[in-house]
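Summary of structural features
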Amino acid sequence: NAGVTQTPKFQVLKTGQSMTLQCAQDMNHNSMYWYRQDPGMGLRLIYYSASEGTTDKGEVPNGYNVSRLNKREFSLRLESAAPSQTSVYFCASRAPGGQYGYTFGSGTRLTVV
Amino acid sequence: GNSVTQMEGPVTLSEEAFLTINCTYTATGYPSLFWYVQYPGEGLQLLLKATKADDKGSNKGFEATYRKETTSFHLEKGSVQVSDSAVYFCALSGGGSNYKLTFGKGTLLTVNP
């Protein structure tokens, strides 16, 4: 099915370890986004990519890096994981124009111990 | 900047009860407004949207009207079902080339049989 695919679905890391969360979309969308979801906080934007070759910081970028590998793929990297990064991470993409909303992946549940 | 304030909940209703979840926003220009739904263990799905003042979005028996004069986009359903139990997020997309979504904190709805 067309949509946004995230891997892995679950991950446990030790403090200080690194990992990359993968995201791919097959809808030919230009814009892609990474959000984190925490209880009582809603969704907060980490980074986004308005088009292939560009990335920008969102609301909570500290401790993260991103790569827009091509039009389909947008990865999120934690270089040195911290317990405060325990969260559910969602990738999303958007069709051109603000009226269409986003299509979200099913999420990655990350626990840092 | 843009912001969304929604009724925090949790909200607990009996089946067939009337539902209202309040949402108000602050934004410059003319944003598009959205309601997303998140079922347990899943990602966010677009429930309905409205792109200009006085538009009514509707889907699956849910409705919301874009009220610019009161900067509101309240979600309503006349008769809820157990299957409507989920977290509901109000969101807005401002103008500009990146159309970042700003979310409310979410409202947990539980419907009892």
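Residues numbered from 1 in each chain as written. Chains lettered and ligands numbered in written order. Predicted model: local features only at pLDDT ≥ 70, side-chain atom pairs only at ≥ 80, totals over all residues. Heavy atoms only, no water.

**Section: the packing of aromatic side chains**
To keep it simple, the criterion reads: Pairing of aromatic rings covers Phe, Tyr and the six-membered ring of Trp, with a centre-to-centre limit of 6.5 Å; geometry is then stacked below 30 degrees between planes, edge-to-face above 60, and tilted otherwise. Numbered from the N terminus, helices here are DSSP runs of H or I no shorter than four residues, and strands are runs of E no shorter than two. Relative accessibility decides the category of a residue: with a 1.4 Å probe and only protein chains considered, values under 20% of the type maximum give buried, values over 50% give exposed, and everything between is partly exposed.
Throughout the structure, instances matching the rule amount to 15 aromatic pairs over all chains. Arranged with centres 5.9 Å apart and planes meeting at 65 degrees, the rings of A:Y64 and A:Y89 form a pair that is edge-to-face. Here A:Y64 is found in strand β7 (residues 64-68), whereas its partner A:Y89 is found in strand β9 (residues 87-94), with 25 residues between them in sequence. Per residue, the accessibility class of A:Y64 equals that of A:Y89, and both read buried. Between B:F34 and B:Y36, the aromatic rings sit 6.2 Å apart at their centres with planes inclined by 40 degrees, giving tilted as the arrangement. For the pair shown, B:F34 and B:Y36 are each scored as buried. The rings of A:Y33, A:Y35, A:Y48, A:F90, A:Y102, A:F104, B:F34, B:Y36, B:F89 and B:F103 are connected pair by pair, giving a single aromatic cluster.

**Points about the side chain of B:T65**
Using the following cut-off: The contact definition used throughout considers only heavy atoms, calling two residues in contact when any of these lie within 4.5 Å.
Tracing the chain through its elements places B:T65 in strand β8 (residues 62-65). In this structure B:T65 touches B:D54, B:D55, B:K56, B:S72, B:F73 and B:H74, once residues within four positions along its chain are discounted.

**A word on unusual backbone geometry**
Following A:T7, the chain continues to A:P8 via a peptide bond in cis, the omega torsion being -5 degrees. A cis amide bond, omega 0 degrees, links B:G9 with the succeeding residue B:P10. In this structure, A:N28 is a non-glycine residue whose phi angle is positive, near 60 degrees. Here A:N28 is to be found in the loop between β3 (19-25) and β4 (31-38). In this model, B:K60 sits at a positive phi of 55 degrees, which is unusual for a non-glycine residue.

**Notes on the interface of chain A and chain B**
Applicable threshold: In this description, buried area is defined as the sum, over both parts, of the accessible area (probe of 1.4 Å) that is lost when the two are combined. Contacts described as polar in this section are N or O atom pairs within 3.5 Å, which, within protein, must combine one atom able to donate a hydrogen with one able to accept it, while residues neighboring in sequence count only if both atoms come from side chains. Each residue is assigned to one class: nonpolar for Ala, Val, Leu, Ile, Met, Phe, Trp, Tyr, Cys and Pro, charged for Asp, Glu, Lys and Arg, and polar for all the others, Gly among them.
Listed by partner, the interface residues are 20 residues for chain A and 20 residues for chain B. Buried surface at the junction of chain A and chain B, both sides included, amounts to about 1600 Å², of which 59% is carbon and sulfur. Linking chain A with chain B are 4 residue pairs in polar contact (both at pLDDT 80 or more), by the criterion used here. Elements with a contribution of two residues or more to the side of chain A that touches chain B: β4, β5 (42-49), β9 and β10 (102-104) of chain A. With 4 residues, the top contributor of residues to the side of chain A that touches chain B is β5(A). Taken together, the residues that form the side of chain A that touches chain B break down as 10 nonpolar, 9 polar and 1 charged.

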